[in-house]
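Coordinate inspection notes
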Amino acid sequence: MSIEVVPEWMINLDDEDVSFIKKFILASGSLKEIANQYGVTYPTVRLRLDRLIQKIQIGEDTANEPYIALIKRLAVNEKVDFNTAKILINEYKKLKGAPQ
């Protein structure tokens, strides 16, 4: 069975992210097992999972605020630092007249 429609939350995930999700599921959610598979420490895997969660959450926000979602995605992917992202988002909200 093939998937004909990719869920909205998966659109912005890299191939590595999808591979990580697959390994995570096959390991029954054991971060310790995933750490062993990747040859890294538990905190490293936890950080990777946290960033993946952020990417998924940002993906869900894209429809409502595509600009804000873009800035958040850049920050999660370490293309801009979090302080810069926060400034850009706050200034955007000021321009739109939205509460911060």
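In what follows, the accompanying structure is described. The shown structure was predicted, so the numbers you read here are calculated from the model rather than taken from an experiment.

Reading guide: rules and limits
- Residues numbered from 1 in each chain as written.
- Predicted model: local features only at pLDDT ≥ 70, side-chain atom pairs only at ≥ 80, totals over all residues.
- Heavy atoms only, no water.
- Helix = DSSP H or I, 4+ residues; strand = E, 2+ residues; numbered from the N terminus.
- Buried < 20%, exposed > 50% of the residue type's maximum accessible area, 1.4 Å probe, protein only.
- Contact = heavy atoms within 4.5 Å.
- Areas by Shrake-Rupley, 256 points an atom, 1.4 Å probe, with all protein chains shown as cover.
- 1 Å grid on protein atoms, 1.4 Å probe; cavity = no way out; pocket = protein on both sides within 12 Å on 5 of 7 lines; lining within 4 Å.
- Points joined across faces, edges and corners; volume = space filled by probe spheres on them.
- Patch = residues over 30% accessible without salt bridge, like charges linked within 9 Å, V, L, I, M, F, W, Y side chains within 5 Å.
- Salt bridge = Lys/Arg side-chain N within 4 Å of Asp/Glu carboxyl O.
- Polar contact = N/O pair within 3.5 Å; in protein donor to acceptor, adjacent residues only side chain to side chain.

1. Concerning the overall build of the protein
Assigned secondary structure in the protein consists of five helices and zero strands. What you see in the protein, going N to C, is helices and strands ordered as α-α-α-α-α. When the 100 residues of the protein are sorted by exposure, 21% land in the buried category. Put simply, 34% of the contacts in the protein that link residues at least 6 apart link residues at least 24 apart. A total accessible area of about 7,300 Å² is found for the protein, and carbon and sulfur atoms account for 56% of it.

2. Thoughts on the layout of surface pockets
Taken as a whole, the largest pocket encloses approximately 200 Å³ of empty space. Forming the walls of the largest pocket are Asp14, Glu16, Asp17, Arg48, Arg51, Leu52, Lys55, Val76, Asn77 and Glu78. Counting residues per element, the ones that place at least two in the lining of the largest pocket are helix H1 (15–26) and helix H3 (42–61). Element by element, the count of residues in the lining of the largest pocket is highest for H3, at four residues.

3. Some points on a nonpolar patch on the surface
A grouping of Tyr67, Leu70 and Leu88 is seen on the molecular surface, where their side chains present a nonpolar patch of about 220 Å² in accessible area. If you trace the backbone, leucine 70 turns up in helix H4 (residues 66–76). The class of leucine 70 is partly exposed, set by a relative accessible area of 37%.

4. Structural notes on the side chain of lysine 55
If you trace the backbone, lysine 55 turns up in helix H3. A polar side-chain atom of lysine 55 sits 3.4 Å from a polar atom in the side chain of aspartate 14.

5. Comments concerning the pattern of salt bridges
Within this structure, the stated rule accounts for seven salt bridges. Here lysine 55 and aspartate 17 are joined by a salt bridge, their closest N and O atoms 2.8 Å apart. You can see lysine 55 sitting in helix H3 and its partner aspartate 17 sitting in helix H1, a full 38 residues away along the chain. Its salt-bridge partner being lysine 96, residue glutamate 65 comes within 2.9 Å of it at the nearest N-O pair. Here glutamate 65 is found in the loop between H3 and H4, whereas its partner lysine 96 is found in helix H5 (residues 82–96), with 31 residues between them in sequence. Classification of lysine 96 as partly exposed rests on a relative accessible area of 47%.

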